[in-house]
Amino acid sequence: MENRKVIKFANLKIDIVESAQAAHYYIAGDVDENFRQKEIPRLKSPELHLHLKDVGNFNSVGIREWIQLISDLSQHSKLSFHECSVSAIDQINMVPHSLGGGTVESFYAPYYCDCGRETVKLINVKDHEKDLRQNLAPHFLCECGKDLEFDALEETYFQFLTSLPKAI
Ligand SMILES: [Zn+2]
C-alpha cells in the first residue's frame, strides 16, 4: 500500500510517498519565502528519505523554514538525504543544521573538461568513502575520453562529509 500526497508552493513542490519501510519526500524547486513548513506533514516512519535532486536555491527565509521542518522530522525518524543537488550541498556546507543530524547517501558534484563540457556527476558516498574522507574528488571520464576535472574546492565541497561516522 502506498500513500501519496503532493504539496505545492509558488516555487517549490514536495511529493510525499509513504510505503511500509520508509517515507520519501521528493523536494523540487526553490526553498524561499513562499515555502511554509507548517503545511508539510510530519510522517513518523522509522526511516525518512529526502530526495534533493531538483532542489534549487535557498534564501534566508526559506532556510529557516527548512531547518524547522528537518528538525521536526528528525525527532521520530532516521533521516537520509539522496541525490542532493549542487545547490543543496552548498547550502548544507554553509548551514550544517540543514541535515538535522541525518546523513547524505548520495549527491551531485560539478565537473568540467578541457574540451568545454561541464557536467554534474552523481556520487554515492559509500562507493567513494575512502577518497571523500581525504577530500579527493572521485574520478570520471568525459564523453571525449579525457579526465574530468572537479569544478569546486574539494576541501569546501566535501566538508559536509567530515562528520561521517567512522567506517568499521
Ligand atoms: Zn571532454
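Residues numbered from 1 in each chain as written. Predicted model: local features only at pLDDT ≥ 70, side-chain atom pairs only at ≥ 80, totals over all residues. Heavy atoms only, no water.

Before going further, it helps to examine the overall build of the chain. Per the secondary structure count, the chain includes 4 helices and 9 strands. In the chain, the succession of α and β elements from N to C terminus is β-β-β-β-α-β-α-β-β-β-α-β-α. Relative to its length of 168 residues, the chain is compact, with a C-alpha radius of gyration of 17 Å against a globular reference of 15 Å. In terms of overall dimensions, the chain has C-alpha extents of about 45 × 40 × 30 Å along its principal axes. Looking at the chain as a whole, 43% of its 168 residues qualify as buried. Pairs at least 24 apart in sequence give 57% of the contacts found in the chain among residues at least 6 apart. For the chain, the accessible area works out to roughly 9500 Å², and carbon and sulfur atoms hold 48% of it. For the chain, the distance from the average position of its 18 positive side-chain charges to the average position of its 25 negative side-chain charges is 6 Å. (Helix = DSSP H or I, 4+ residues; strand = E, 2+ residues; numbered from the N terminus. Rg over C-alpha atoms; globule rule 2.2 N^0.38 Å. Buried < 20%, exposed > 50% of the residue type's maximum accessible area, 1.4 Å probe, protein only. Contact = heavy atoms within 4.5 Å. Areas by Shrake-Rupley, 256 points an atom, 1.4 Å probe, with all protein chains shown as cover. Lys, Arg positive; Asp, Glu negative; His and termini not counted. Charge placed at Lys NZ, Arg CZ, Asp CG, Glu CD.)

With that settled, consider the coordination of the zinc ion. The protein atoms that coordinate the zinc ion are C113 (SG), C115 (SG), C142 (SG) and C144 (SG), at distances spanning 2.2 to 2.3 Å. Geometry at the zinc ion is tetrahedral, judged from its 4 donor atoms and the angles of 104 to 118 degrees they form at the metal. Look at where the donors of the zinc ion fall in the sequence and you get C-x1-C-x26-C-x1-C. (Donors = N, O, S within 2.8 Å, 3.2 Å for Na, K, Ca; no water. Tetrahedral: all angles 85-135°; square planar, octahedral: opposite > 155°, others 65-115°.)

Under the counting rule described, the total for this entry stands at 10 aromatic pairs. Ring geometry for F58 versus W66: centroids 5.4 Å apart, planes at 85 degrees, classification edge-to-face. By relative accessible area, W66 is classed as buried at 2%. The interplanar angle of 70 degrees and the centroid separation of 5.8 Å between the aromatic rings of F150 and Y157 together place this pair among those described as edge-to-face. Each member of the pair, F150 as well as Y157, is classed as buried. Within the aromatic cluster, the residues linked to one another by ring pairs are F107, Y111, F140, F150, Y157, F158 and F160. (Phe/Tyr/Trp six-rings, centres within 6.5 Å; stacked < 30°, edge-to-face > 60°.)

What follows is about the sheet that holds strand β8 (residues 118-124). The strand order across the open sheet built from 3 strands is β8-β7-β9, with neighbouring strands paired in antiparallel fashion. The open sheet has two edge strands with one neighbour each: β8 and β9 (149-150). Strand direction decides the pairing type here: strand β7 (residues 106-112) and β8, joined by 7 bridges, are antiparallel. Residue pairing for β8: P110 is matched across the bridge by V120. Contacts from helix α2 (residues 86-94) reach β7 and β8, with the element oriented near 110 degrees to β7. (Pairing = 2+ DSSP bridges. Axes fitted to C-alpha atoms, helices over the stretch in contact; angles between N-to-C directions.)

Function cannot be inferred from these measures alone, as they are strictly geometric.
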